[in-house]
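# Overview (structure and organization)
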Amino acid sequence: MSETTNTNKEKKPPLNGRRALPPNNSNDEENEVPEMEAFGLIPRGFNPKDYLRVVDINMFKEPHEINKQQHHTDKYYSPKLIVRRGQTFQIQIDFNRPYNPETDQFWLEYLIGRYPQQNRGTYIPILVGDVLKPGEWGAKITHKENNSIRLSIMSSATCIVGKFRLYVAVWTPFGILRTHRNSATDTYILFNPWCQQDAVYLDDEKEREEYVLNDVGIVFHGNINDIRIRSWSYGQFEENILDACLFLMDKAELELSGRGNPIKICRVASAVINSRDDNGVIAGSWDNTYTYGVAPSAWTGSVDILLEYYSSKQPVRYGQCWVFAGVFNTFLRCLGIPARLITNYSSAHDNNANLQLDFFLDDEGKVDTKITKDSIWNYHCWNEAWMTRPDLPVGFGGWQVVDGTPQETSDGMYRCGPASVQAIKHGHVCFQFDAPFVYAEVNSDIVYSRREKNGTQVIEKIDTTHVGQLIVTKEVGGDGMMEITEEYKFQEGSEEERLALETAVMYGVKKQTTQDTLYQPQTDVDMEFQAQKAVLGSDFKVTITLRNKSRNYYTATTYLSGNIVFYTWNPIHVRLAQCLFSFLFLPSASAFDVVIKSSEYMSDLLDQASFHFFVTARINETGKILALQKATVLEIPALRIKTQGEMVAGKEMSVTVEFTNPLKQTLQNVTLRLEGPGVLRTMKKEFRQIPTNSTLIWEVKCIPKRPGLRKLIASLNCDALRHVYGELNVQIQKP
């Protein structure tokens, strides 16, 4: 007997703390709902068929029917009903006989999760009434005909977002009769940017079409002097993507009752998008070795990544910042939260959040890599999500920064946000979440310092304008670039900017003062650095110019070092150039060139053909040091995409991808990818080799599903060449 008791004890789910029920944090799990719930003893003559009985339920769930059309959910490839909260939708119930409101009583029950409770919003009984109140659960009969009634149902504008199970319950004197479990009546409820009472309400229709309904976007990359663009397929409407996104919240163990709150959803999603501490969606890699995975540059969109994670439940390898941001954007738009992908050029990664990037120089003026821990990224991508912030004072709603790239921990996990863009601009970094880190990404100063032999620290240069020079996103309704720098910061050097900085310091951002260190810069000499634009595989020239604005004669000892780097400026141990030279310069400008040969860089090239140059010049007469750092990115050849045949939804068409190898070497083990939401699912093709100057041609047949303006996106990837892209806009006609 005792053994049986122990077994029962083991089967009980663990209760933690003061909970009456185990945690309800899985949308997938269900409870058993009785079809007959008796009030007591049932008399012998009782026959359920004598009472009102549900024969069928019509959900009007086809893309062309009223529900999906009115709720802007007709693009989702799903056979289930998908609606947005705070807005009415229609269903039809067929009974075994005409419904008589005098004698018959029925109601609807929506359930989510394994432990539904009315006070937690996971069990929702809806009685039929005469009036629907905006933004509150309710139902009313709009039409009666023969044995059928049509109901208009209003969902709450704050209800849980997820997949609900529907039951119809009928009252009898002896008990409640329910419909059996029918997955065909499952109803997905999403956020509603069209509903004024929803926390994600956005009042501009063109912005809603862009930030919620557009399933293709643009990633801006390269660097501040050479902005590159590539398309990214978000694919939020593709088959199984909605289920994959709901699974992410299960994976993050977000309590179902918290899933109506976009702040909570963004917070947990920014952690689960990366794999660092919770086996989340994407494993990051910044070391140029992508064995047993896909190179970050090879992905053309989010769909493959999310579907692979949904099926394997293991992190997908590999991602870098734009991949994390692309997948995060898909997640947000899929659930109905307006979202956009942001690029910050010259983005600071400030390890100790003191608004200062410390670069330590040795006696020769070289950067001491052993003690320099801060870094500047050519660019960094994150997301903005649109929502109200009732947890903050008025005025800090709107766009919120969320970032899934694992950089620093926040509350013990690798995550970032949501942080109010307004709060960052005005220096109110005390408002949750992670505002000081984002403030530092766009506002840090670069400080070059050198330690004297007697231990004193000498600051050689402070650059206050390099970081966060340009912040951009895709324009609404087009593929162009929209600058949003002024949404994050006031104009450099303005009174407002100084006030925002003082506010940030007052609220606890550490701002190191330079009073305890010696700082007397050389003001009568300027230094400039230019890198010639060049195509991958060719030699290029860099030019250093020193301008003497005084009447003095100076001599300078100049040091130039060049590294092959990732866009994060993480170097590999390959010096492109390392020159040390001295020269005399008169009261005018003096320039000299250094040629970088392709033979020096081709064998060690990293992902984005990116180089980082560091120049220091010591003015021998004064002992002062001038310092500059600059990134340059080489031109990478593009893929060409062509179509043949008429482009009509439901009819076969042909797509051709072409690429000519411009390098002086044969490309080995080349992978091509092609995708286009609504036109074709991702296709891959492997090529053993592409000899120098030869052209690869790959033809694909496909049947486009959706009419309208669509985009085809292709990528080519191999060890010697990455970040090769091509794209084509195609107009698919209606059949």
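Residues numbered from 1 in each chain as written. Predicted model: local features only at pLDDT ≥ 70, side-chain atom pairs only at ≥ 80, totals over all residues. Heavy atoms only, no water.

Interaxial distance between helix α4 (residues 241–251) and helix α7 (residues 321–335) falls to 10 Å at its minimum, and their mutual angle equals 105°. The orientation of α4 relative to α7 falls into the category roughly perpendicular. Residues Ile241, Leu242, Cys245, Leu246, Leu248 and Met249 of α4 touch α7, and the partners they reach there are Thr330, Phe331, Cys334 and Leu335. Taken together, the residues of the contact of α4 with α7 sort by class into nine nonpolar, one polar and no charged. (Axes fitted to C-alpha atoms, helices over the stretch in contact; angles between N-to-C directions. Helix = DSSP H or I, 4+ residues; strand = E, 2+ residues; numbered from the N terminus. Parallel < 35°, antiparallel > 145°, perpendicular 65-115°, else oblique. Contact = heavy atoms within 4.5 Å. Nonpolar A, V, L, I, M, F, W, Y, C, P; charged D, E, K, R; others polar.)

It is worth spelling out the UniProt feature "binding site: Ca(2+)" (unreviewed entry) in the chain at this point. Within this numbering scheme, the UniProt entry marks Asn443, Asp445, Glu492 and Glu497 as carrying the feature "binding site: Ca(2+)" (unreviewed entry). For the annotated residues, spread through 55 residues, the largest C-alpha to C-alpha distance comes to 13.5 Å, consistent with a single compact locus. The topology assignment puts Asp445 in strand β23 (residues 445–451). Mapped onto the fold, Glu492 is located in the loop between α10 (485–488) and α11 (495–506). Apart from residues no more than four positions distant in its own chain, Glu492 is found in contact with Thr464, Thr465 and Glu497. (UniProt positions renumbered as here; feature names shortened; annotations may be inferred.)

Now for the sheet that holds strand β40 (residues 721–732). Taking strand neighbours across the sheet as the criterion, the four strands line up as β37-β36-β39-β40 in an open arrangement whose pairing is antiparallel. Looking at strand neighbours, the two that pair on one side only are β37 (680–690) and β40, the edges of this open sheet. Direction aside, the axes of adjacent strands within the sheet are offset by 15° on average. Where strand β36 (residues 667–676) and strand β39 (residues 708–718) come together, five bridges link them in antiparallel fashion. In the strand pairing of β39, Leu672 is matched with Leu716. (Pairing = 2+ DSSP bridges.)

Mapped onto the present numbering, the UniProt feature "active site" (unreviewed entry) falls on Cys321, His380 and Asp403. With the annotated positions falling across 83 residues, the maximum pairwise C-alpha distance of 10.0 Å places them together in a single cluster. Residue position: Cys321 is located in helix α7. Inspection of the secondary structure puts Asp403 in strand β19 (residues 398–403). Using a relative accessible area of 2% as the deciding quantity, one classes Asp403 as buried. (Buried < 20%, exposed > 50% of the residue type's maximum accessible area, 1.4 Å probe, protein only.)

An ideal rise of 1.5 Å per residue puts 21 Å on 15 residues; α7 measures up with 22 Å between its terminal C-alpha atoms. In terms of residue burial, α7 counts as a mostly covered element, since 15 of its 15 residues are buried. The positive-phi residue at the C-terminal boundary of α7 is Gly336, with phi of around 100°. (Expected span 1.5 Å × (residues − 1).)

Once that is clear, we can look at the nonpolar core. Generally speaking, a soluble globular protein has its nonpolar side chains buried in company with each other. Among the nonpolar cores identified, the biggest contains 65 residues, and Leu242, Leu248, Phe331, Leu332 and Leu335 are the most heavily contacted of them. Per-element tally for this core: the top contributor is α7, with 11 residues. The residue makeup of this core includes at least three contributed by each of domain 1 (36–190) and domain 2 (205–507). Beyond its immediate sequence surroundings of up to four residues, Leu242 is in contact with Tyr76, Ile82, Tyr188, Leu190, Cys334 and Leu335. Core analysis: the second largest hydrophobic core is formed by 54 residues, Phe529, Ile544, Leu546 and Val670 among them. (Core = buried A, V, L, I, M, F, W, Y, C linked by side-chain atoms within 4.5 Å. Domains from an automatic or database assignment.)

Moving on, we get to the pattern of salt bridges. Following the criterion strictly, the structure yields 37 salt bridges and no others. Residue Asp186 pairs with Lys80 through a salt bridge whose shortest N-O separation is 3.9 Å. Linking Asp186 in the loop between β10 (175–178) and β11 (187–190) with Lys80 in the loop between α2 (66–70) and β3 (81–84), this pair joins segments that are 106 residues apart in sequence. Just as Asp186 is buried, Lys80 falls in that class too. One salt bridge connects Asp391 with Arg389, and the closest N-O pair in it is separated by 2.9 Å. (Salt bridge = Lys/Arg side-chain N within 4 Å of Asp/Glu carboxyl O.)

A residue-level look at the chain finds 92% of positions with pLDDT of 70 or above and a mean pLDDT of 89. Throughout residues 1–12 the model reports pLDDT below 50, and contacts reaching past four residues in sequence, or to other chains, amount to zero contacts. (pLDDT = per-residue confidence, 0-100.)

Along its sequence, the chain is carved into domain 1 (36–190), domain 2 (205–507), domain 3 (525–633) and domain 4 (640–732). Taking only C-alpha atoms into account, the centre of domain 2 sits 30 Å from that of domain 3. Contacts between the two partners involve 33 residues from domain 2 and, on the opposite side, 25 residues from domain 3. The interface formed by domain 2 and domain 3 includes one salt bridge. Joining domain 2 to domain 3, the criterion identifies five residue pairs in polar contact (both at pLDDT 80 or more). Contributions of two or more residues to the side of domain 2 that touches domain 3 are made by β12 (216–223), β13 (226–233), α7, β17 (356–361), β18 (375–387), β23 and β24 (457–463). Its residues assigned to classes, the side of domain 2 that touches domain 3 shows 13 nonpolar, 11 polar and nine charged. (Polar contact = N/O pair within 3.5 Å; in protein donor to acceptor, adjacent residues only side chain to side chain.)

Okay, a nonpolar patch on the surface next. Where nonpolar side chains cluster on the molecular surface, the patch consists of Ile227, Ile229 and Met481 and spans about 240 Å² of accessible area. Looking at the element boundaries, Met481 is found in strand β26 (residues 481–483). Overall, the relative accessible area of 38% leaves Met481 in the partly exposed class. (Patch = residues over 30% accessible without salt bridge, like charges linked within 9 Å, V, L, I, M, F, W, Y side chains within 5 Å. Areas by Shrake-Rupley, 256 points an atom, 1.4 Å probe, with all protein chains shown as cover.)

Secondary-structure assignment places Ser152 in strand β8 (residues 148–154). With residues near it in sequence (within four places) discarded, Ser152 still touches Thr88, Phe89, Gln90, Leu132, Gly138, Ala139, Lys140 and Thr142.

Along β19, six of the six residues are buried, which leaves the element largely enclosed by surrounding structure. Here β18 pairs with β19 via five bridges, running antiparallel. Within the sheet, the bridge partner assigned to Ala385 lies in β19 and is Gln400. With three bridges joining them, β19 and strand β22 (residues 416–420) adopt antiparallel strand pairing. Looking across to β22, one finds that Val401 is bridged to Ala419.

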